[in-house]
Amino acid sequence: MGPGPSSANPRVLRAMSLPIIGYLDPAFFDLLDELSGMLGEIFRTDQHSFAVAGAGSAGMEAGLVSLASPGDTVIICSYGYFCERQIIMAERLGLNVVAIRTEWGKSMDPQVLADTLRDHPETQLVVGIHAETSAGTIQPIAEFARLAHESGALFMTDVVTSLAGCELEFDKWKLDFAYSGSQKCLAAPPGISPVALSERALSYIRNRPNPPSSWYLDLSLIADYWGPDHIAHHTAPVSMIYGLREAVAMALNETLEVRWKRHEANAAALRAGLEALNLELPISEKDRLDQLTVVKLPQGVDDVKLRKQLIEEYSIEVGRGLGEFAGEVVRIGLMGESCVPANVFALLNALEKILPEHGWEVAKGSAISAASAQLAESPSPLYSA
Ligand SMILES: Cc1ncc(COP(=O)(O)O)c(C=O)c1O
């Protein structure tokens, strides 16, 4: 129940143990074609969908290196730890970064982006994270994309924590590039980054005066390997692709709408239980994520000791606060495979036992009954693999 990786289903792990075939074997091309179409359904796009070999950060770096050239102005919206990582990467790539820094724990007002675009009409690329896992916030990226396009820029987004956990519409929202991770709501092991790329963005990469400075992360070369001609690039991570295919198949089998509802219902139950323990949830209802709940640590409760006890005594992992939130909050993930009522109840039960040892008194049974009542009102769809 940390901020990722979440648990992977045994079906996914079994698929990853299948025999290795060549990355240029026609049977493997069939698998790539199938998976590309399935990822299109997950991202809701009829344009290009494939996977970058590497962690979510590889998807991030592939977008930054491919969609802008050194010296180009890139606006990065920053409201969390991973936004700051994008800024570091973009600066290392020699991009002219205009950072918009807004308060952590709140969704950014698109008007700030509109104003910045007015000051920087030369902007080549706008970057904004959809679900900021460090701050537990959801962001209005459809509006960010609209503003970027109005000013002639491309729009790139991070959907590492949102993909398959809440609504995401790549084509309808007119996104140009979205990268994700396998290890969150898709419930596969970490190490591969599913992405979607618009026609417009691909054509920019193909026609830019100088190719991206990274050969490995050039999105047009990776798109060519996944495209109809399957032009050789690096050796694909065959087992990761087997695993991703299985995980995506399970998500499509459940249907996205049901999966989103599962995330919504279990997060609501968790929040009801946490509130019954008198814990503060600092992110407003409008801005918060279901996949990741930020909880403020009450006075006197030691972050490190609490998380250690949860692991050692209850085998439950929750995440620490990052950046501005370090030492102030814990972050509870309910993602993919891990997003089930049994986990909600296990954690609430553990907290009810542990918190009084830290001097935070709780009404016995209150958290479990609040979560039960919430699930009775809005049940979690049954999850079965
Ligand atoms: C929003 C967000 N972006 C990017 C990343 C980086 O992904 P990875 O650790 O797979 O490189 C994470 C990881 O937690 C994340 O939550």
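Cut-offs used in this document
- Within any chain, residue numbers begin from 1 and follow the written order of that chain's sequence.
- Only residues with pLDDT of at least 70 are given local features in this predicted model, and only at 80 or more are side-chain atom pairs given and counted; all residues enter the totals for whole chains, interfaces and linings.
- Each side-chain value is derived from all of the structure's non-hydrogen atoms; neither hydrogens nor water enter the calculation.
- Pairing between strands requires that DSSP locate at least two bridges from one strand to the other.
- Under the DSSP-based scheme used, a helix requires at least four consecutive residues in state H or I and a strand at least two consecutive residues in state E, with every element numbered from the N terminus.
- What counts as an axis is a line fitted to C-alpha atoms, over the stretch in contact for a helix, and the angles between N-to-C directions run from 0 to 180 degrees.
- Contact between two residues is taken to exist if any of their heavy atoms lie within 4.5 Å; hydrogens are not considered.
- Nearness is defined per residue: one heavy atom within 4 Å of the molecule or strand is enough.
- We call two N or O atoms a polar contact when they sit within 3.5 Å, provided that within protein one can donate a hydrogen and the other can accept it, with sequence-adjacent residues counted only if both atoms are side-chain atoms.

Student: In this structure, what is going on with the sheet that holds strand β10 (residues 292-296)? I would like to understand it.
Tutor: Two pairing modes exist for strands in a sheet, parallel and antiparallel, and in both the strands are linked by backbone hydrogen bonds. The three strands are arranged β10-β12-β11 in an open sheet whose pairing can be described as antiparallel. Strands at the two margins of the open sheet, each flanked by one partner only, are β10 and β11 (319-320). Here β10 pairs with strand β12 (residues 329-333) via five bridges, running antiparallel. By the bridge assignment, Lys 296 is partnered in β12 with Val 329.

Student: Explain the sheet that holds strand β4 (residues 125-129) here, please?
Tutor: Overall, mixed pairing links the seven strands, which are arranged β1-β9-β8-β7-β4-β2-β3 in an open sheet. Strands at the two margins of the open sheet, each flanked by one partner only, are β1 (48-53) and β3 (96-101). Averaged over all pairs of adjacent strands, the angle between strand axes in this sheet comes to 20°, irrespective of strand direction. Of the strand pairs in this sheet, strand β8 (residues 177-179) and strand β9 (residues 192-197) are connected by three bridges, and their pairing is antiparallel. Within β9, the position partnered with Phe 177 by the bridge is Leu 197. The strands touched by helix α8 (residues 219-226) are β1, β8 and β9; relative to β1, the strand with the most contacts, the crossing angle is about 110°.

Student: Would you mind showing me how to read the site of the ligand here?
Tutor: What surrounds the ligand is a group of 13 residues, the closest being Gly 56, Ser 57, Thr 133, Asp 158 and Lys 184. Contact between the ligand and Thr 133: an oxygen atom at 2.4 Å from a side-chain N or O atom of the residue. One of the side-chain nitrogen or oxygen atoms of Asp 158 is found 2.6 Å away from a nitrogen atom of the ligand. Breaking the shell around the ligand down by element, the ones donating at least two residues are α3 (56-67) and α4 (81-92). Of all the elements, α3 adds the most residues to the shell around the ligand, at three residues.

Function cannot be inferred from these measures alone, as they are strictly geometric.
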